[in-house]
Amino acid sequence: YNSQFAAIFPEYKNGRYETQAEYKQRLQRDLKRSVDIITARLGVRPNIIVWPYGQFNVAAQEAAHSVGLTSDFTLFDDRLNNMQQKSVGRALVDTETGFPLLKDYLEDAMFTPPHQRAVHVDLDYLNDPDPAQVERNFDKLIERIYKMGITTVYLQAFADDDGNGVAEAVYFPNRHVKMKADLFSRVAWQLITRSNVKVYAWMPMMAFDLGQGYDYLTDRRTGKPSTNHYLRLSPYSAKSRKAVTEIYEDLAYSSRFNGLVFHDDGFMTDHEGNIAAGDRSEAQYRQEAEQKGDDLISYSEALKRTSLQYSYNGRNEMKTVRNLYAGVITRPDSQKWFAQSLPKFAQHYDYTAIMAMPYMENEQ
């Protein structure tokens, strides 16, 4: 169950993972050797690559292009091939493949449902100091997800031992945050392959505790981070943005998943962020809130783009989900308080996960 594809996963050797530069060099070296052998023996230089089981990513595709493999074949998903796409989908024919499957595909009847039957899986509960207990927890998770008929798993990639919503550690190798356990990649891949679900990596947008030397959102009234909300890195700080972007890049490099779930830390209060000094009118409040909301959307889109380089989806896509508390919808003035908007979320993300917590929010 732990076998993984050489074209899309980093090699683990001599007690460490290969670096991103080493990974790209390995791909280019192996593909060039293959092309040279075929050319020497057949007298014809190939320009098409067939990815085993359709598994590749943008970095692998770029390595293939660099040695003259300018076209490729993958496996088809739920859409017909078209003249614009660079990767041509194929059907994996096995003993269960028949004319009904091909008929559905040609009639464009194979589609992904517009809804998700999703569950949130917290790796803090699966992880354990005892490796044997981790194995038992893991097998139980796989079985439960399969039996429940789940289509999508929102898999939390960060550790939050104290429950404050801030990532003090993560479950994948990276450059900036402590790694609690190298667990996310294995769990995500086996959920995909054994439970036949889509896995979305649940990640903070800004709520990382990177210690001193980074810029965090502060309350303009005190000049300090708010004690009533998550500790959040400032999206307006180049240093903080770069750190979070690299964390997302390291996540995508070390593991494979189908989409991103942005944690509920993606907000700014009316006293945080890019706001005017002094008193503001109601119109200014609303204008600032809308602009800050747009800034957060642009910020999340940048995090998505950096994850795409190692996405193994042949269509070069990364689905996104944005968390939203129900109170932002039920209280019209909430947009100016939190810089969030359901209509904007619906426009810019594939899904919006509305978190209804009546006891915590005192809602009936």
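Please refer to the structure higher up on the page.
These figures come from a predicted structure and were not determined experimentally.

A.B. asks: In this structure, what is going on with the overall build of the protein chain? I would like to understand it.
C.D. replies: Helix and strand counts for the protein chain stand at 12 helices and 14 strands. On C-alpha atoms alone, the protein chain measures out to a radius of gyration of 23 Å, which is about the 21 Å that the 2.2 N^0.38 rule sets for 364 residues. Taken along the three principal axes of its C-alpha coordinates, the protein chain extends 75 × 50 × 45 Å. Residue burial in the protein chain is summarised as follows: out of 364 residues, 45% are buried. Long-range contacts, defined as pairs at least 24 residues apart, comprise 70% of the intrachain contacts of the protein chain with a sequence gap of at least 6. One finds the centroid of the 43 positive side-chain charges in the protein chain at a distance of 4 Å from the centroid of its 48 negative side-chain charges.

A.B. asks: Before we go on, may I ask you to explain empty space enclosed by the protein in this structure?
C.D. replies: Rolled over the atoms, a probe as big as a water molecule pinpoints where empty space is left. In the structure shown here, the tally under the stated rule is one cavity of 30 Å³ or more. Taken as a whole, the largest cavity holds about 50 Å³ of empty space. Lining of the largest cavity is provided by Ala289, Glu290, Gly293, Asp294, Ile297, Gln335, Ala339, Gln340, Ser341, Lys344 and Phe345. Looking at the lining of the largest cavity, the elements that each hand over two or more residues are α8 (282–308) and α11 (342–348). In terms of residue count, α8 provides more of the lining of the largest cavity than any other element does, five residues in total. Among the residues forming the lining of the largest cavity, the class breakdown is four nonpolar, four polar and three charged.

A.B. asks: Quick question: what am I supposed to make of the nonpolar core here?
C.D. replies: Soluble, globular proteins show a tendency: their nonpolar side chains are buried together. Counting 84 residues, the largest nonpolar core has Leu155, Phe184 and Leu191 as the members making the most contacts within it. Per-element accounting of this core gives the leading share, seven residues, to helix α7 (residues 238–254). For Phe184, the residues in contact, after removing those within four places along its chain, are Leu123, Leu155, Gln156, Ala157, Tyr171, Ala201, Leu251, Ser255 and Phe257.

A.B. asks: Would you take a moment to explain the pattern of salt bridges for this structure?
C.D. replies: Once their charged atoms are close, side chains differing in charge can pair, the charge on each being opposite to the other. Across all of its chains, the model carries 17 salt bridges by this definition. Between Lys180 and Asp161 there is a salt bridge, with the nearest N and O atoms lying 2.5 Å from each other. Here the residue Lys180 occupies a position in the loop between β10 (178–179) and α6 (184–194), and Asp161 occupies one in the loop between β8 (158–159) and β9 (169–170), the gap between them amounting to 19 residues. For Lys180, a relative accessible area of 32% corresponds to the partly exposed category. Classification of Asp161 by relative accessible area gives exposed; the value is 58%. One salt bridge connects Arg175 with Asp250, and the closest N-O pair in it is separated by 2.9 Å. Placement of the pair is Arg175 in the loop between β9 and β10 and Asp250 in helix α7, with a sequence separation of 75 residues. By relative accessible area, Asp250 is classed as buried at 7%. Each of Arg175, Lys242, Glu246, Glu249 and Asp250 takes part in one network of salt bridges that share partners.

Calculation notes
Positions within a chain are numbered from 1, following the residues in the order the chain's sequence is written. Predicted model: local features are reported for residues with pLDDT of at least 70 only, side-chain atom pairs are reported and counted for 80 or more only, and whole-chain, interface and lining totals are derived from all residues. Working from all heavy atoms in the structure, the side-chain values ignore hydrogens and water. A run of DSSP states H or I qualifies as a helix once it reaches four residues; a run of E qualifies as a strand once it reaches two. Both are numbered from the N-terminal end. Two things to know: the radius of gyration comes from C-alpha atoms, and the globule rule equals 2.2 Å times the number of residues to the power 0.38. The buried label applies to any residue whose accessible area, calculated with a 1.4 Å probe on protein chains only, is under 20% of its type's maximum; exposed applies above 50%, and partly exposed to all values in between. Here a residue-residue contact requires only that any non-hydrogen atoms of the pair lie within 4.5 Å. In this tally Asp and Glu are treated as negative and Lys and Arg as positive; neither His nor the chain ends contributes. Each charge is placed at NZ for Lys, CZ for Arg, CG for Asp and CD for Glu. Cavity means a closed set of points on a 1 Å grid over the protein atoms alone, one where a 1.4 Å probe fits but cannot get out, pocket means an open set with protein on both sides within 12 Å along at least 5 of 7 lines, and lining means a residue has an atom within 4 Å of a point. Grid points are joined across faces, edges and corners, and a volume is the space filled by probe spheres set on the points. Lys, Arg, Asp and Glu make up the charged group, whereas Ala, Val, Leu, Ile, Met, Phe, Trp, Tyr, Cys and Pro make up the nonpolar group; the residues left over, Gly among them, are polar. Side-chain atoms within 4.5 Å are what join buried Ala, Val, Leu, Ile, Met, Phe, Trp, Tyr and Cys residues into a set we call a nonpolar core. What makes a salt bridge here is a side-chain nitrogen of Lys or Arg within 4 Å of a carboxyl oxygen of Asp or Glu, nothing more.

Interpretation note: all reported values are geometric properties and have no functional meaning in isolation.
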